[in-house]
Amino acid sequence: MSQQSNLFQESNVYIPLADRMRPNTLEGYVGQEHLLGEGKPLRQAIDSKRPFSLIFWGPPGTGKTTLARLIAHNSNAYFITISAVLAGVKDIRAAVEEAKQYQTQGKQTILFVDEVHRFNKAQQDAFLPFVEDGTVTFIGATTENPSFELNNALLSRARVFVLKDLSYPALSDLIEHALADKEKGLGKFALSINEECKNILIESADGDGRRLLNFLEIASEMAMSREQSEEDVWEINKSVLEETLTQSLRRFDKGGEHFYDQISALHKSVRGSNPDGALYWFCRMLDGGVDPLYVARRVVRMASEDIGNADPRGLTIALNAWDVQERLGSPEGELAIAQALTYLACAAKSNAVYTSYKTAMADVKSDPTYEVPIHIRNAPTKLMKDLDYGTGYRYDHDEPSGHSAGQTYFPDEKGETEYYHPVDRGLEKKIAEKLSWIRNRNRGNY
């Protein structure tokens, strides 16, 4: 249809609306006020036209690439961009050689590496010398936590700035600009959208500006494919949006920052005895496409780490939920996981087992390889018996109260050590009483 001609340049090369709407000036950039407000370090660096090496860390569609381009434009610097998904060391070297040519002309080069976390150590190391000697000013963009994904050498040479999801007002501005802009946007068409439908678009975008503009472009195409209204206006209405957003899923990076943030929120809700919060984050993760079996495995961890012996039934319930998910799948398995989460959230809490295990493990790793004391060694052969294995061992079932008071179980060189300290909650309250009785007897207090 003829109305679609705005989607193509004169060369008939299709350019998505999200790309066409990239601003050319900072004034046209929406969002990230915490970085670009007056007096902020990044804004000062841009205004001074002296950019430094930096890393933009944030979710998709928050303007990382656009901001890098604006920095280069504002600094009158040559802009080279490579994608870590497609590029290798050869591409890095080619970019550096290009930068060197511009350096001889007295022109600064900004090397922008998108998805920089996809580079391995060798690839990251390849451009470090040229960052150090000023051949390029490095700007990296990543959706992953730089602390985990980037070399320390690179991190030490670049300042990290965190970009946030675009706010409701920022996304609303993007819609208004796209519908009004007659040169790059959809302004040459008579398109309209009411507040309710605008809200639906914004919620579906989930903080992602690129996603929002992609949805808007598809919705506008669907609206214009329908019969025009009497007022000569194409309306982006609920019917159009239902078609546009049918296959839409919330943003949920199954291996990235959003994934681990939500897992953390789920775990902390259980630890904080908030079943409602636990259910919310579990449903958020399911809605985003997480594998329920992964959650089931994490629930087992929660049962041991945060409930422990305060309520040992929690571990059984968590394992049963995992089993139901494996056997029956969805939706029965997900309901069982939800049951386990609410039980654990409401259960008495204790991390005594978790902390005692960590302390004991740290001891083992730092201690010498002590021998097992003779009296608690097993003696299944005559030779072992001749070597006194098991000599002096007292069989607890033959002792008064079923406890061999004073018998030792640690290496002689280390001495008896206490790791496990039950809390005064749930079943561990009873365990603490029993353990106190045992430890007193071992000290000779009968």
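In this text, all values refer to a predicted model and were calculated from it rather than measured experimentally.

Draft legend 1. Layout of the overall build of the chain. Tallying secondary structure elements over the chain gives 21 helices and seven strands in all. Taken over C-alpha atoms, the radius of gyration comes to 31 Å for the chain, far larger than the 22 Å a tight globule of 446 residues would show. Dimensions of the chain, computed from the C-alpha atoms along their principal axes, are close to 95 × 60 × 45 Å. Every one of the 446 residues in the chain was classed for burial, and the buried ones make up 43%. Long-range pairs, those at least 24 residues apart, make up 71% of the contacts in the chain between residues at least 6 apart in sequence. For the chain, the exposed surface amounts to about 24200 Å²; the carbon and sulfur share of it is 51%. On the chain, the mean spot of the 51 positive side-chain charges and the mean spot of the 63 negative ones are 5 Å from each other.

Draft legend 2. View of the packing of helix H15 (residues 275-287) against helix H18 (residues 332-346). Interaxial distance between H15 and H18 falls to 8 Å at its minimum, and their mutual angle equals 150°. Relative to H18, the element H15 lies roughly antiparallel. The two elements H15 and H18 cross, and the hand of that crossing is right-handed. On the side of H15, the interface is formed by Pro275, Ala278, Leu279, Phe282 and Leu286, while H18 contributes Glu334, Ile337, Ala338, Leu341, Thr342, Ala345 and Cys346. Residue composition of the contact of H15 with H18, grouped by class: 10 nonpolar, one polar and one charged.

Draft legend 3. Broad picture of the nonpolar core. Counting 31 residues, the largest nonpolar core has Ile175, Leu191, Leu201, Leu212, Leu216 and Ile236 as the members making the most contacts within it. At the level of secondary structure, the elements contributing two or more residues to this core comprise helix H1 (17-20), helix H10 (168-180), helix H11 (195-205), helix H12 (209-224) and helix H13 (238-244). The element best represented in this core is H12, accounting for seven residues. Excluding its chain neighbours within four sequence positions, the residues that come into contact with leucine 216 are Leu17, Ile175, Ala178, Leu179, Leu186, Leu201 and Ile236. Within the second largest apolar cluster, 24 residues are counted, among which are Phe282, Ala296, Val300 and Ala338.

Draft legend 4. View of H10. For H10, with 13 residues, the first-to-last C-alpha span of 18 Å sits near the 18 Å given by 1.5 Å per residue. Residues of H10 that are buried: Ala170, Leu171, Ser172, Leu174, Ile175, Ala178 and Leu179. Summarising the contacts, the buried residues of H10 are in contact with H1, strand E6 (191-192), H11 and H12.

Draft legend 5. Representation of the packing of helix H16 (residues 292-307) against H18. In contact at an axis separation of 10 Å, H16 and H18 are set at 20° when each is read in the N-to-C sense. Between H16 and H18, the interaxial angle falls into the category roughly parallel. The chirality of how H16 crosses H18 is left-handed. Facing H16, whose interface residues are Pro292, Val295, Ala296, Val299, Met302, Ala303 and Ile307, H18 presents Glu334, Ile337, Ala340, Leu341 and Leu344. Class assignment for the residues of the contact of H16 with H18 results in 11 nonpolar, no polar and one charged.

Draft legend 6. Inspection of the confidence of the model for the chain at higher detail. With 92% of its residues at a pLDDT of 70 or more, the chain shows a mean pLDDT of 85. Contacts for the low-pLDDT stretch residues 1-11, under 50 throughout, to residues beyond four places or in other chains number 20 contacts.

Procedures and definitions
- Residues numbered from 1 in each chain as written.
- Predicted model: local features only at pLDDT ≥ 70, side-chain atom pairs only at ≥ 80, totals over all residues.
- Heavy atoms only, no water.
- Helix = DSSP H or I, 4+ residues; strand = E, 2+ residues; numbered from the N terminus.
- Rg over C-alpha atoms; globule rule 2.2 N^0.38 Å.
- Buried < 20%, exposed > 50% of the residue type's maximum accessible area, 1.4 Å probe, protein only.
- Contact = heavy atoms within 4.5 Å.
- Areas by Shrake-Rupley, 256 points an atom, 1.4 Å probe, with all protein chains shown as cover.
- Lys, Arg positive; Asp, Glu negative; His and termini not counted.
- Charge placed at Lys NZ, Arg CZ, Asp CG, Glu CD.
- Axes fitted to C-alpha atoms, helices over the stretch in contact; angles between N-to-C directions.
- Parallel < 35°, antiparallel > 145°, perpendicular 65-115°, else oblique.
- Left-handed = near helix turned anticlockwise from the far one by under 90°.
- Nonpolar A, V, L, I, M, F, W, Y, C, P; charged D, E, K, R; others polar.
- Core = buried A, V, L, I, M, F, W, Y, C linked by side-chain atoms within 4.5 Å.
- Expected span 1.5 Å × (residues − 1).
- pLDDT = per-residue confidence, 0-100.

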